[in-house]
Amino acid sequence: MKQKTMLHLTQAKHNEKLLNYLHAEIADNFFDWKITVSFYAALHYIKAYSYNQNKQIGDSHYDMLNNINPSFNSALLPFPKYIFDCYMNLYNYSRYARYSGMVDNENHRKKLQLESIVCSDYLIKTKEYLVSKNFNLLVE
């Protein structure tokens, strides 16, 4: 399990490095990608944590959502509702950003810009929660 934990941590850090680059170097564009990358960074942090806890929460989005959902009695690794909500919002925002297809519409662009800020906050909250559970986010 340690190897899978490290693989997912490495991917999460890789995604976050891209996110930081996009925010710093391309601040006024690519909001759809900022949202998507935020989601996938959170996904890999959660997967790393799950392997660290010896829980296999699944490989599909459906399985992951069910296995961290505190409302499901059979969830393998239920997260607090506020963290599950962060992850669920990241999932939904990223699906919208990837599949809405209205990249040239100015109102759509402004919506994605605001959502990219919110998604960065959701990623931060997810990481803070994992750290509060004594999970080391550093790649060893």
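All values reported here derive from a predicted model rather than from experimental measurement.

**Student:** Would you mind going over the packing of aromatic side chains with me for this structure?
**Tutor:** We describe a pair of aromatic rings using the distance from one ring centre to the other and the angle between the two ring planes. A full pass over the atoms with the stated rule returns seven aromatic pairs. A ring pair is formed by F39 and Y87, whose centres lie 5.5 Å apart and whose planes are at 40 degrees; its orientation type is tilted. Placement of F39 in helix α2 (residues 31-52) and of Y87 in helix α4 (residues 81-99) is noted, with a sequence separation of 48 residues between them. Taken individually, F39 and Y87 each receive the classification buried, so the pair is uniform in this respect. Summarising the aromatic geometry, the rings of Y93 and Y122 are spaced 6.5 Å apart at their centres and angled 15 degrees between planes, so their arrangement reads as stacked. Placement of the pair is Y93 in helix α4 and Y122 in helix α5 (residues 106-132), with a sequence separation of 29 residues. One Lys or Arg, K111, reaches over the ring of Y96 and ends 4.2 Å from the middle of that ring.

**Student:** What am I meant to see in unusual backbone geometry here?
**Tutor:** Excluding glycine, a negative phi dihedral is what most residues carry, and trans is how most peptide bonds are arranged. We note that F30 has phi near 60 degrees; this positive angle belongs to a residue other than glycine. Here F30 is to be found in the loop between α1 (2-25) and α2. A positive phi angle is found at N134, which is not glycine, with a value near 65 degrees. Of note, N134 is situated in the segment after α5. Overall, N134 belongs to the exposed group, its relative accessible area being 75%.

**Student:** Would you take a moment to explain α1 for this structure?
**Tutor:** Side chains of residues three or four places apart in an α-helix project in the same direction, reflecting 3.6 residues per turn. If you check α1, its first and last C-alpha atoms are 34 Å apart, about what 24 residues at 1.5 Å a residue would give, namely 34 Å. Regarding α1, the residues found buried are T5, M6, H8, L9, A12, N15, E16, L19 and L22.

Cut-offs and rules
Residues numbered from 1 in each chain as written. Predicted model: local features only at pLDDT ≥ 70, side-chain atom pairs only at ≥ 80, totals over all residues. Heavy atoms only, no water. Phe/Tyr/Trp six-rings, centres within 6.5 Å; stacked < 30°, edge-to-face > 60°. Helix = DSSP H or I, 4+ residues; strand = E, 2+ residues; numbered from the N terminus. Buried < 20%, exposed > 50% of the residue type's maximum accessible area, 1.4 Å probe, protein only. Lys NZ or Arg CZ within 6 Å of the ring centre and 35° of its normal. Expected span 1.5 Å × (residues − 1).

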